[in-house]
Amino acid sequence: MKEAQPSTREMERINWMEFREWVPAKIDTVLLPLGTLEAHGVIANGTDILVPVAMAKQIARQVNAMIAPVVSYGFTGILDAYPGSFTIPENVYRDYVRAVLVGLAKNKFRNIIMLNGHGGGQTAILSALAQEVGRETTTRILVVNWWSYCSDIVQEVFGEDGGHAGNTETAYMMAIDPALVMEARYTGPEMATAIPTPNTWSAYPFPSSILLYKEGEGYPKFDLAKAKIYFAKVNEKIARLIQETIRKWDMAGL
Ligand SMILES: [Zn+2]
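Treat the numbers as computed from the prediction; the structure is a model and nothing was measured.

Here the zinc ion is held by His-40 (NE2), Asp-48 (OD) and Glu-169 (OE), and the distances to it run 1.9 to 2.0 Å. Between consecutive donors of the zinc ion, the numbers of intervening residues give the motif H-x7-D-x120-E. With His-40 in the loop between β1 (29-34) and α2 (47-59) and Glu-169 in helix α7 (residues 167-176), this residue pair connects regions lying 129 residues apart in the sequence. Each member of the pair, His-40 together with Glu-169, is buried.

Dropping the structure here:
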């Protein structure tokens, strides 16, 4: 027998009466994608938004979760001077995301999974909020920074380390929709800069929007077959992390 499913897992598409039938009795986990608008080499400015939204849609059923509307505007940082990018002031961002998390807890979700698409200062804000709001609302909150957590997969698929707007995000975006990747605009390695080791140098604006985690590695690749493998492996690894974390929270009786 096929297991019953809600008509949609997206919170902006479901009706309140159907929501009440499912949450929290049959679904007590929610995926919250968070991104920002930021220049990304030759891929779309909304990469950090589109990736976690696509990821949530891919894994929601597997982890039996609803999907909250994405928090699109974020805390960008050193790339916010690039055209079409911007940043929300830190205190405003923090308070807004806190209110979203509290709202999800009020809606009776027990497990809140933040699928974060953006690095820099945003990751620190989100992990601090997870602890604060988790404590206040007695919910269980996981923050996933997918590109770091899946650094083994970029090694496995591309045989090298990753990069911001480099191989990792380009592959994931290509798998979502090749039209989001403007390969013709890629003029070569001079478009990228390796992230400086601490205390060597820093710059604002950062001189490139492609940032390599390791000198000489992580440049964008435009290989659709590898992109699809990368996409599938990343989604699978994130889904497993969520399932494992919930299982261990339950085991510990938290
Ligand atoms: Zn990004």
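Computed from the structure, the largest pocket encloses a volume of approximately 390 Å³. Residue lining of the largest pocket: 24 residues in total, with Ile-78, Gly-119, Gly-120, His-164 and Leu-211 positioned closest to the centre. The residue makeup of the lining of the largest pocket, split by class, is eleven nonpolar, ten polar and three charged. Here the second largest pocket is characterised by a volume of approximately 160 Å³. Lining the second largest pocket, in full, are Asp-28, Thr-29, Gln-62, Val-63, Asn-64, Asn-111, Arg-140, Ile-242, Gln-243, Ile-246 and Asp-250. In terms of residue count, helix α8 (residues 224-251) provides more of the lining of the second largest pocket than any other element does, four residues in total. Split by residue class, the lining of the second largest pocket holds three nonpolar, five polar and three charged.

This part takes up the sheet that holds β1. With respect to topology, four strands assemble into an open sheet ordered β2-β1-β3-β4, the strand pairing being parallel. Looking along the sheet, the strands with just one partner apiece sit at the ends: β2 (65-67) and β4 (140-145). If you compare each strand with its neighbour and ignore which way they point, the axes differ by 25 degrees on average. For β1 and strand β3 (residues 111-116), the ladder comprises six bridges, and the chain directions are parallel. Bridge pairing in β3 places Val-30 opposite Ile-112.

Another point: the pairing of β4. The buried fraction of β4 amounts to five of the six residues, a majority that puts the element mostly inside the structure. Handedness of the crossover joining β3 and β4 through helix α4 (residues 121-137) is recorded here as right-handed.

All right, on to the packing of aromatic side chains then. A full pass over the atoms with the stated rule returns eight aromatic pairs. Ring centres of Phe-19 and Phe-109 lie 5.8 Å apart, and the angle between their planes is 85 degrees; this geometry places the pair in the edge-to-face category. Of this pair, Phe-19 sits in helix α1 (residues 16-22) while Phe-109 sits in the loop between α3 (90-106) and β3, and the two are 90 residues apart along the sequence. The exposure class of Phe-19 is buried, given its relative accessible area of 13%. Between Tyr-186 and Phe-222, the ring centres sit 5.6 Å apart and the planes meet at 55 degrees, which makes this aromatic pair tilted. One end of the pair, Tyr-186, is in the loop between α7 and β6 (192-194); the other, Phe-222, is in the loop between β7 (210-212) and α8, and 36 residues separate them in sequence. Taking relative accessible area as the criterion, Phe-222 reaches 22% and is therefore assigned partly exposed. Linked through ring pairs, Trp-146, Trp-147, Tyr-172 and Phe-231 together constitute an aromatic cluster.

In this model α8 runs 40 Å from its N-terminal to its C-terminal C-alpha over 28 residues, within 8% of the 40 Å that 1.5 Å per residue would give. Two or three places before Ala-225, at the start of α8, stands the capping residue Asp-223, its side-chain oxygen 3.1 Å from that residue's backbone nitrogen. Gly-253 sits one or two residues past α8 and shows a positive phi near 70 degrees.

The rules behind the values
- Residues numbered from 1 in each chain as written.
- Predicted model: local features only at pLDDT ≥ 70, side-chain atom pairs only at ≥ 80, totals over all residues.
- Heavy atoms only, no water.
- Donors = N, O, S within 2.8 Å, 3.2 Å for Na, K, Ca; no water.
- Helix = DSSP H or I, 4+ residues; strand = E, 2+ residues; numbered from the N terminus.
- Buried < 20%, exposed > 50% of the residue type's maximum accessible area, 1.4 Å probe, protein only.
- 1 Å grid on protein atoms, 1.4 Å probe; cavity = no way out; pocket = protein on both sides within 12 Å on 5 of 7 lines; lining within 4 Å.
- Points joined across faces, edges and corners; volume = space filled by probe spheres on them.
- Nonpolar A, V, L, I, M, F, W, Y, C, P; charged D, E, K, R; others polar.
- Pairing = 2+ DSSP bridges.
- Axes fitted to C-alpha atoms, helices over the stretch in contact; angles between N-to-C directions.
- Right-handed = clockwise from strand over helix to strand, strands pointing away.
- Phe/Tyr/Trp six-rings, centres within 6.5 Å; stacked < 30°, edge-to-face > 60°.
- Expected span 1.5 Å × (residues − 1).
- Polar contact = N/O pair within 3.5 Å; in protein donor to acceptor, adjacent residues only side chain to side chain.

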